[in-house]
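Single-letter residue listing:
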Amino acid sequence: MDWTTKRKEAAEYIRSKFDKKLEIGLILGSGLGEYCERIEEPVKIKYEEIPHFSVSTVKGHAGELVLGKIDGKYVFAMNGRIHYYEGYSMQELVFPVWVMKELGIEKMIITNAAGGLNPTFKPGDLMIINDHLNFMWDNPLIGPNDESLGPRFPAMTNAHPQELIEVAENAAEEIDLHIMKGVYLAITGPVYESTAMGKFQRLIGADAVGMSTVPELIAATHAGVKNLAISCITDVVEDTPGKSLTHEEVVAVANRVKPIFKKLMDQIIASL
Ligand code: HPA
């Protein structure tokens, strides 16, 4: 079965559970999924129930779709995502984005946990992604192009629409949050940076590094879904060997950031 048929089947299943006009897609990264609790009149669907959806194996990723209302707008919120390092294909990874498109969603917010490379960043900072580097060396659009989604050769210079960046900047100002802005570099993972790799990433102009988001934003841009991507800086990539980062530290910082993350997301969604 091709991806077009699969996405239509998944969308049809979701519509059978929730028939309201969905407006905004949310992909919630490591430790940030709790934001779903804020959704009003929620309808929850486990990923395994949805035709052709894949289920995350990572701790801290619930694997549940939550449909409901925030500030009067109907949202499609993914509590947990799958990752390339789990062994899924790029197409499996971005499948939910294609389903969002099929459901008529035109705007999407992608969030993640990331390591800080910019020397001014501290754990707990939030960063608006204003450009990206794809160091996954794979792409969800490899293979036959679905012309009903978008062109064969989509530009990536418009992958971070300025109007949504401004919405996020204004939202941060509104809640007195000093928000960062920068380039996100995606690696496959599951390993964190070696010291030399961290230095290299910093040298070539990346401000943050993580193991997700770029495939989803490529698929969204191709399909004409505008995305806003935000990183939660959970650690600072060290310049000297010796300190070893753990997944638990990453999740702990994401947990600490939850209240301000919630305020920011609320403010952004209210302005969309
Ligand atoms: N590197 C890569 N991915 C990450 C990191 C990191 O330091 N922190 C959270 N995700």
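Because the structure is predicted, anything quoted here is derived from the model rather than measured.

Novice: Any chance you could break down the overall build of the protein for me, citing the residues and the numbers?
Specialist: A count of helices and strands for the protein gives six helices and nine strands. With the principal axes as the frame, the protein shows a C-alpha extent of 55 × 40 × 35 Å. Evaluated residue by residue, the protein yields a buried proportion of 56% over its 272 residues. Restricting to contacts in the protein with at least 6 residues of sequence separation, those with at least 24 account for 83%.

Novice: Can you break down the packing of aromatic side chains residue by residue, with the values?
Specialist: One pass over the structure, following the stated rule, counts eight aromatic pairs. On the basis of an interplanar angle of 80° and a centroid distance of 6.1 Å, the ring pair of Tyr35 and Phe261 is categorised as edge-to-face. In this pair, Tyr35 sits in the loop between strand 1 (24-28) and strand 2 (40-46) while Phe261 sits in helix 6 (residues 247-271), placing the two residues 226 residues apart along the sequence. Taken as a pair, Tyr35 and Phe261 share a single burial class, namely buried.

Novice: With reference to specific residues and values, describe the site of the ligand.
Specialist: In the neighbourhood of the ligand, 14 residues make up the surrounding shell, with Ala113, Gly115, Glu193, Gly210 and Asp235 lying closest. With respect to the ligand, the backbone of Gly115 contributes an N or O atom lying 3.3 Å from a nitrogen atom. Across the complex, the protein chains shield 95% of the 260 Å² of accessible surface that the ligand would expose by itself. At three residues, strand 5 (residues 107-116) tops the list of elements feeding residues into the shell around the ligand.

Novice: Account for the nonpolar core, naming residues and giving values.
Specialist: Within the largest apolar cluster, 50 residues are counted, with the highest numbers of intra-cluster contacts made by Leu65, Phe76 and Val99. Take this core: its biggest share by element is eight residues, from helix 2 (residues 90-102). Leave out the neighbours within four places in its chain, and Leu65 touches Ile14, Val43, Lys44, Ile45, Tyr47, Ile50, Phe76, Ala77 and Met78. Formed by 34 residues, the second largest nonpolar core is a distinct cluster that contains Cys36, Leu126, Leu164 and Phe261.

Novice: Give a detailed account of the pattern of salt bridges, specifying residues and quantitative values.
Specialist: Per the counting criterion, the structure on display carries 14 salt bridges. Residues Glu163 and Lys226 are paired through a salt bridge, measuring 2.9 Å at the closest nitrogen-oxygen approach. Pair noted here: Glu163 is in helix 3 (residues 162-174) and Lys226 is in strand 9 (residues 226-236), with a separation of 63 residues, a long-range link. If you follow the salt bridges from partner to partner, you end up with Arg7, Lys8, Glu102 and Asp146 in one network.

Novice: Account for helix 3, with residues named and values stated.
Specialist: The terminal C-alpha atoms of helix 3 lie 18 Å apart, and with 13 residues this matches the ideal 18 Å at 1.5 Å per residue to within 8%. Leu164, Ile165, Val167, Ala168, Ala171 and Ala172 are the residues of helix 3 that are buried. Seen along its axis, helix 3 keeps its buried residues to an arc of 155°; they face one direction. Residues Glu173 and Glu174 are exposed on helix 3 and point more than 90 degrees away from its buried face. Those residues of helix 3 hidden inside the fold are in contact with strand 5, strand 6 (126-135), strand 7 (180-187), strand 9 and helix 6. Of the residues flanking the end of helix 3, it is Asp176, one or two places downstream, whose phi is positive at about 60°.

Here is what the cut-offs are and how they apply
- Residues numbered from 1 in each chain as written.
- Predicted model: local features only at pLDDT ≥ 70, side-chain atom pairs only at ≥ 80, totals over all residues.
- Heavy atoms only, no water.
- Helix = DSSP H or I, 4+ residues; strand = E, 2+ residues; numbered from the N terminus.
- Buried < 20%, exposed > 50% of the residue type's maximum accessible area, 1.4 Å probe, protein only.
- Contact = heavy atoms within 4.5 Å.
- Phe/Tyr/Trp six-rings, centres within 6.5 Å; stacked < 30°, edge-to-face > 60°.
- Near = heavy atom within 4 Å.
- Polar contact = N/O pair within 3.5 Å; in protein donor to acceptor, adjacent residues only side chain to side chain.
- Areas by Shrake-Rupley, 256 points an atom, 1.4 Å probe, with all protein chains shown as cover.
- Core = buried A, V, L, I, M, F, W, Y, C linked by side-chain atoms within 4.5 Å.
- Salt bridge = Lys/Arg side-chain N within 4 Å of Asp/Glu carboxyl O.
- Expected span 1.5 Å × (residues − 1).
- Arc of directions from axis to C-beta.

Honestly, it's all geometry; don't read function into it.
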